[in-house]
Amino acid sequence: MNFEIKNESWIGNLITIVLLFSFVLFSCSSDGEKRKGNQNMLEIPVLELLPSDVEVPQTYIADIQAIQFVEVRSKVEGFVDQIFVDEGQFVKKGQKLFQLSSAEYNEMVNSARANLARAQAEQQASKVEVERLQTLVDKNIISASELELAKSKKAVADSHILEAESMLQRALTGLSYTTIKAPFDGLVDRIPFKIGSLVTENVLLTTITDISSVFAYYKVNESEYLSIMRDKIEKEGAQEITEQLTLVLSDGQVYPDKGILETTEGDIESGTGSIGFRVRFPNPDQLLKHGASGKVQMNTKLEDVFLIPQKSTFEIQDFTYVYLVDQEGKVIVRSFKPIQRYGLYYLADGFLPGDKIVYEGIQQVSDGLEITPIPVPRKEAYLGKF
């Protein structure tokens, strides 16, 4: 009986030893696997974000207009007798463009001159009569009332002179309107009427454009306007605008000459909240035409924005995402709304200085994954921009 009890105690001790040994082996195995897992964590390049001030080129759709653009219209009715210029021709100020039929206006001039001559004769006769009666009155041959009547007739003759002169001037002006001349140096546009065509008063004959320089008009919103003006005031100490700007033509080519930002409109449009700017561009080769289109490019300064490399982002259903990395190396997905593109980067706000994002290898990570962060130098990430 005693032998059996001793034997059972020995077996219990053996079981206890085996369990303790198994626990030690399991603990060692777990620690080893954990250390092995830590050693196999992905090494991923990580970029630390810092705010920066960036001058961003902004483009605005512009309407290009000649510095002078005038519609040449007929002031009188008549047939086109002569056309002295051709479409697209450069003309000088005062150069003849069109000649309308003038026979009717010549007759009006001749008639007005005849009326003036008759009035002048009547005036001369009344003058002589006044002088004759004045002599008789002085000699007490006739009464003074006859002299007064003669003076009244002379006053009427004088008024006829003024009326005749006015009619002659009106006829000469009408005659001059039959010859249409260039109002300034410029290019002739399309000529819709040919020789022999009947034109009425105020009909468009052609247009003249001066494109030695051109204006580019474009609009910016109110916040952009305030930013631009504050920047100019800080730099120049005045509100005058003289910045040089770039023009991108409709074919995508950059116009070689820079433009000067001259002025702005006086009011902000209540409906759109925008205000117009005017830029003057030189046009020595007359490449730019009135009515053309293009894009004005100007730099806008954005302060305290973050540059997010595009290769560090991905998009899902119009949302843009990056992977943030916390202090323990854990990856956290984060959405953001880019302000705009800037070369190979997105400009964004809403991040904190010191935030870290996955720079490369976003295809290898997922939300919640632990990685081994490898810091990327700022100069390398931004190609030496900062």
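Residues numbered from 1 in each chain as written. Predicted model: local features only at pLDDT ≥ 70, side-chain atom pairs only at ≥ 80, totals over all residues. Heavy atoms only, no water.

Things to note about the overall build of the protein
Reasoning step 1: Along the protein, the regular secondary structure elements total 5 helices and 20 strands.
Reasoning step 2: In the protein, buried positions account for 33% of the 386 residues.
Reasoning step 3: The long-range fraction of contacts in the protein, counting pairs at least 24 apart against all pairs at least 6 apart in sequence, stands at 75%.
Reasoning step 4: Just so you have it, the protein exposes about 23,900 Å², and 52% of that area is on carbon and sulfur atoms. (Helix = DSSP H or I, 4+ residues; strand = E, 2+ residues; numbered from the N terminus. Buried < 20%, exposed > 50% of the residue type's maximum accessible area, 1.4 Å probe, protein only. Contact = heavy atoms within 4.5 Å. Areas by Shrake-Rupley, 256 points an atom, 1.4 Å probe, with all protein chains shown as cover.)

Observations regarding the sheet that holds strand β8 (residues 198–199)
Reasoning step 1: Taken together, the 4 strands give an open sheet; going across it, the order is β6-β5-β3-β8, and neighbouring strands pair in antiparallel fashion. Bordering the open sheet on either side are β6 (179–181) and β8, each of which pairs with just one other strand.
Reasoning step 2: Pairing analysis gives 3 bridges linking strand β3 (residues 78–83) to strand β5 (residues 96–100), with the strands arranged antiparallel. Along β5, the bridge assignment pairs Val80 with Leu100. (Pairing = 2+ DSSP bridges.)

Remarks on the pairing of strand β1 (residues 43–48)
Reasoning step 1: Note: β1 against strand β20 (residues 372–375), 4 bridges, orientation parallel. Each bridged residue has a counterpart across the sheet, and for Glu43 the counterpart in β20 is Thr372.
Reasoning step 2: Pairing of β1 with strand β19 (residues 356–358) involves 3 bridges; the strand directions are antiparallel. Bridge pairing links Val46 to Val358 in β19.

Some details on the environment of Lys127
Reasoning step 1: Looking at the element boundaries, Lys127 is found in helix α2 (residues 103–138).
Reasoning step 2: It is 9.1 Å that separates the C-alpha atoms of Lys127 and Ala157, two residues lying 30 residues apart in sequence.

Observations concerning the pairing of strand β11 (residues 259–264)
Reasoning step 1: Strand direction decides the pairing type here: strand β10 (residues 244–249) and β11, joined by 2 bridges, are antiparallel. When the sheet's bridge partners are listed, Leu245 is paired in β11 with Gly259.
Reasoning step 2: Note that β11 and strand β12 (residues 274–282) share 4 bridges and pair antiparallel. In the sheet register, Leu261 faces β12, and the bridge partner there is Val279.

Focus on the packing of aromatic side chains
Reasoning step 1: Enumeration according to the criterion identifies 11 aromatic pairs in this entry.
Reasoning step 2: Relative to Phe277, the ring of Tyr225 has its centre 6.2 Å away and its plane inclined at 90 degrees; by these criteria the two rings are edge-to-face. Placement of the pair is Tyr225 in helix α4 (residues 222–236) and Phe277 in strand β12, with a sequence separation of 52 residues.
Reasoning step 3: On the basis of relative accessible area, Tyr225 is assigned to the buried category, the value being 15%.
Reasoning step 4: Aromatic pair Tyr345 and Tyr382: ring centres 5.5 Å apart, planes at 50 degrees, arrangement tilted. (Phe/Tyr/Trp six-rings, centres within 6.5 Å; stacked < 30°, edge-to-face > 60°.)

Side note on unusual backbone geometry
Reasoning step 1: The residue Gln286 is not glycine, and still its phi comes out positive at about 55 degrees.
Reasoning step 2: Turning to its location among the elements, Gln286 is positioned in the loop between β12 and β13 (293–309).

Quick look at helix α3 (residues 144–176)
Reasoning step 1: Its 33 residues place the ends of α3 48 Å apart at the C-alpha level, agreeing with the 48 Å of an ideal helix rising 1.5 Å per residue.
Reasoning step 2: Listed in full, the buried residues belonging to α3 are Leu147, Ala150, Ala157, Ile161, Ala164, Leu168, Ala171, Gly174 and Leu175.
Reasoning step 3: Turning to α3, the residues buried within the fold contact α2 and β6. (Expected span 1.5 Å × (residues − 1).)

Topic: the nonpolar core
Where a protein is soluble and globular, its nonpolar side chains tend to be buried together.
Reasoning step 1: Counting residues in each nonpolar core, the largest one holds 27 residues, and the members touching the most others are Val91, Leu97, Ile180 and Ile208.
Reasoning step 2: Contact partners of Ile208, with chain neighbours within four places excluded, come to Gln68, Phe69, Val70, Val72, Val91, Leu97, Pro183, Phe184, Gly186, Leu187 and Val188.
Reasoning step 3: Counting 25 residues, the second-largest nonpolar core is a separate cluster that includes Met229, Leu245, Leu247 and Leu249. (Core = buried A, V, L, I, M, F, W, Y, C linked by side-chain atoms within 4.5 Å.)

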